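Examination of the molecular architecture
Read off the chains here:
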Amino acid sequence: MLSKLAVKSLLNRKVSAFLTLISLTVSVFLLVSVEHARTQTKESFNRTVSGVDMIVGARTSSLNLLLHSVFRIGNPSNTVSWESLEMVQSHPQVSWVIPISLGDSHRGFAVLGTNEDYFKYYQYGNQQPLKTREAHTLSDTVFAQPLTSIVGSDVAKQLGYQVGDEITLSHGTGNISFTHHDDHKFTIAAILQKTGTPIDKTVHISMRDLAHIHGQESLPDKEKKVTAFLVGLNSPIAVLQLQYLVNQYQTEALSAIVPGVALAELWNLIGTVEKVLLLITVLVLISSMLGLAIMLLSSMRERAQEMKILRVVGAKPITLFFLLQLESLVLAILGAGLGVFVSMSFFMMFNSFLSEQYGIFVSANVFNLSTLNILLAVLTATFLVSFIPAMSAYRSNSALS
Amino acid sequence: MTKKNDSVIEINDLRFNYPNQADTLNIKRLQVEARQKVFVQGNSGSGKSTLLNILCGVHAVKSGEVNVLGKPFHALRASQRDSIRAKHIGVVFQQFNLIPYLSVMENIQLAGYFSGSSRQLSTDIVSLLNDLTLPRTICDKRADQLSVGQQQRVAIARALINKPALVIADEPTSALDASATNDFITALLKVCAAANSALVFVSHDAALAGYFDLSIEMSSINEVAYAI
């Protein structure tokens with residue numbers, strides 16, 4: 001009966017209740033989305049590279065090197081000579097070195113030149129190796145056939161590719177290119193499993209084929225160039241020593257970064273922005289909470305007679321207190337539900353945009369612990385802020401006039 | 001709950017004042033028997049509303065004795081008086097008796113709900129509305145769609161649904177014209193008789209006294225008002 005009363009009373013004040021609901025929805029949406037995007041971005045970045053102890057590229061800032069070599073954001077400052085790669089590879093503590101060469105594209109997707117070791121050593125997420133869609137690991141001879149390519153799951157999905165299809169690469173990055181390597185058709189040998197990392201949007205080919213389509217296959221090793229290379233060590237303890245060695249290398253200006261350290265640097269940089277964003281979101285929530293309290297409080301004047309009637313038919317003051325709390329709870333629950341729904345729809349619409357533009361993979365599933373905490377906080381805040389109108393109902397005078 | 005010839009109201013040496021004000025009421029003795037229909041006539045300022053608020057258990061009594069339905073209101077807490085009112089006292093105001101956005105049926109059910117009754121009241125409500133010569137179709141109408149006369153009669157139904165031992169009506173006819181007043185009082189007396197309820201009916205209009213068993217003038221029982 002009391003909940004029926006609360007709902008009918010809100011319906012009786014449709015317009016103001018509706019506006020309050022919208023304001024609550026917007027603030028819950030903002031809070032949930034900001035928090036979700038924040039944690040998912042972090043997770044997405046953290047899961048992208050695993051099992052790589054060091055990344056070496058031309059001298060640049062560690063963030064720039066990390067972003068362009070792993071996330072395909074930004075541009076490399078220079079290339080790295082094959083000699084430098086061999087220098088690192090010859091170090092006794094180095095277990096493996098994988099060259100990567102970026103710069104070409106296929107219909108907007110990055111083309112990565114590398115070798116078979118890439119599929120052997122590169123890991124993502126919680127040390128998961130790359131596998132084909134059929135969950136097979138890729139063999140050591142995957143690039144044995146010339147003009148073979150291995151595409152990420154999003155490439156295959158968005159362009160409708162199957163194993164065996166032929167594709168043409170373009171020179172330079174971007175969606176539209178005027179130089180196509182039309183005379184070299186690559187065959188898709190495998191399609192990778194979805195990883196939720198930029199690998200899903202990458203076309204992998206061999207270094208050899210990359211040189212071939214650029215007419216550089218006859219170049220001696222000495223003149224070969226790569227964009228960067230990934231390094232695996234025998235023992236992680238050697239990382240500082242090797243990093244120093246690379247950074248001090250006299251023949252060529254190089255930068256060596258440790259992915260985890262570079263990511264921590266990135267979070268440091270973003271941290272302040274994150275906090276400001278969160279603060280603004282919380283302020284939006286507070287203002288909509290106040291809006292709710294004001295709506296209820298201003299309605300109390302016109303509802304004085306209603307409160308009097310309820311008191312006279314026997315409602316206790318505490319019952320009226322809970323009636324008002326119930327009304328704001330109904331709005332808060334509806335607002336929370338709608339806010340979460342809008343947030344999910346938002347990420348559903350924009351997650352492909354985010355992953356294409358920024359290499360950030362955000363899932364549309366916002367149901368997690370932090371969302372639950374936010375909703376609990378919203379409900380608690382509603383209860384606290386509704387104390388004011390609810391107390392006004394509690395004190396309502398039932399005296400006959 | 002009251003036996004035959006038990007008094008529904010018994011007041012002894014009641015003195016009442018609002019905070020920081022002189023006494024509003026000073027009643028030596030007042031008694032209303034079960035099923036008695038009492039008319040209390042008084043002009044504004046005579047203390048009649050204050051008296052009704054005390055009888056309803058809204059105002060706390062600090063000096064003197066007020067026994068309502070055998071319960072010592074002067075000794076009970078506000079919440080105890082609230083639940084006695086919910087169960088055993090029906091109240092009709094001057095006007096705006098109903099919650100405007102609820103249907104007639106829901107308004108009456110509300111009184112049943114707060115009295116703690118778990119009975120299905122709809123058949124009682126329909127027969128009560130019938131006794132009050134209200135059409136059956138009125139049940140599902142919103143209260144604010146009714147005429148003032150209809151609203152007042154629905155208020156009677158609301159006050160009587162729990163078959164209270166005492167019904168208190170505060171100037172219930174002041175918004176009605178002469179013929180509607182007559183219909184209203186006739187209907188009220190009829191349903192009070194059917195429910196064995198005592199009735200305390202307060203009005204400034206002395207012409208209504210003829211409908212009741214007993215007529216009391218505020219000025220004759222309230223010594224404060226007399227002194228003014």
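One can find the structure itself at the top, above this paragraph.
Notes on the structure in this doc start here. On a predicted model such as this, the values are computed, not experimentally measured, just so you know. (Residues numbered from 1 in each chain as written. Chains lettered and ligands numbered in written order. Predicted model: local features only at pLDDT ≥ 70, side-chain atom pairs only at ≥ 80, totals over all residues. Heavy atoms only, no water.)

Here's the deal with the overall build of chain A
To keep it simple, the criterion reads: Secondary structure elements follow DSSP: runs of H or I no shorter than four residues count as helices, runs of E no shorter than two count as strands, and numbering proceeds from the N terminus. With the radius of gyration taken over C-alpha atoms, the globule rule is written as 2.2 Å times the number of residues to the power 0.38. The buried label goes to any residue with under 20% of its type's maximum accessible area, the exposed label to any with over 50%, and the partly exposed label to all in between, with areas taken from a 1.4 Å probe on protein chains only.
On a plain count of helices and strands, chain A comes out with 13 helices and 13 strands. The C-alpha radius of gyration computed for chain A amounts to 30 Å, which surpasses the reference 21 Å derived for 401 residues by more than 25%, pointing to a less compact arrangement than a globule. Taking the principal axes of the C-alpha coordinates as reference, chain A spans close to 105 × 45 × 35 Å. Out of the 401 residues in chain A, the part that is buried amounts to 50%.

Quick look at the overall build of chain B
The criterion, for reference: Only heavy atoms matter for contacts: two residues are in contact if any of them lie within 4.5 Å across the pair. For this count, His and the chain ends are skipped, Lys and Arg are scored as positive, and Asp and Glu as negative. By convention, the point assigned to a charge is CZ for Arg, NZ for Lys, CD for Glu and CG for Asp.
In terms of helices and strands, chain B carries 8 helices and 9 strands. For 228 residues, the compact-globule estimate of 2.2 N^0.38 gives 17 Å, and chain B sits close to it at 17 Å. Its C-alpha atoms give chain B principal-axis dimensions of roughly 50 × 40 × 35 Å. By the burial criterion, 56% of the 228 residues in chain B qualify as buried. For chain B, the share of sequence-separated contacts (at least 6 apart) that also reach a separation of at least 24 residues comes to 72%. If you average the places of the 22 positive and of the 20 negative side-chain charges in chain B, the two averages end up 7 Å apart.

Describing helix H10 (residues 304-312) of chain A
When you tally the buried positions in H10(A), you get 7 out of 9 residues, the bulk of the element. Where H10(A) terminates, the next one or two residues include A:Gly314, which has phi positive at roughly 115°.

Some points on a nonpolar patch on the surface
Residue and element names in this part refer to chain A. Under the convention used in this document: Residues qualify for a patch when their relative accessible area is over 30% and they have no salt bridge, like charges being joined within 9 Å and the nonpolar side chains of Val, Leu, Ile, Met, Phe, Trp and Tyr within 5 Å. To be clear on the numbers: accessible area is Shrake-Rupley with a 1.4 Å probe, and residue cover counts the displayed protein chains and nothing else. When a carboxyl oxygen of Asp or Glu is within 4 Å of a side-chain nitrogen of Lys or Arg, the pair counts as a salt bridge.
On the surface, a cluster of nonpolar side chains totalling about 550 Å² of accessible area is made up of Leu 279, Val 282, Leu 283, Ile 286, Leu 290 and Ile 294. With respect to the helices, strands and loops of the structure, Val 282 is situated in helix H9 (residues 259-302). Its relative accessible area of 34% is what places Val 282 among the partly exposed residues.

Things to note about the packing of H9(A) against helix H11 (residues 317-358) of chain A
Residue and element names in this part refer to chain A. Applicable threshold: Only the stretch in contact is used when fitting a helix axis, every axis being a line fitted to C-alpha atoms; angles between N-to-C directions are given from 0 to 180 degrees. An angle below 35 degrees is read as roughly parallel, one above 145 as roughly antiparallel, one from 65 to 115 as roughly perpendicular, and any other as oblique. Crossing chirality is assigned from the near helix's rotation relative to the far helix, an anticlockwise turn below a right angle marking it left-handed and a clockwise turn marking it right-handed.
Remark: H9 packs on H11, axes separated minimally by 11 Å, with the N-to-C direction vectors making an angle of 140°. In terms of their interaxial angle, H9 and H11 are classed as oblique. Note that H9 runs across H11; the crossing there is right-handed. Note on element contacts: H11 touches H9 through Leu 324, Glu 327, Ser 328 and Leu 331, opposite Leu 292, Met 295, Leu 296 and Met 300.

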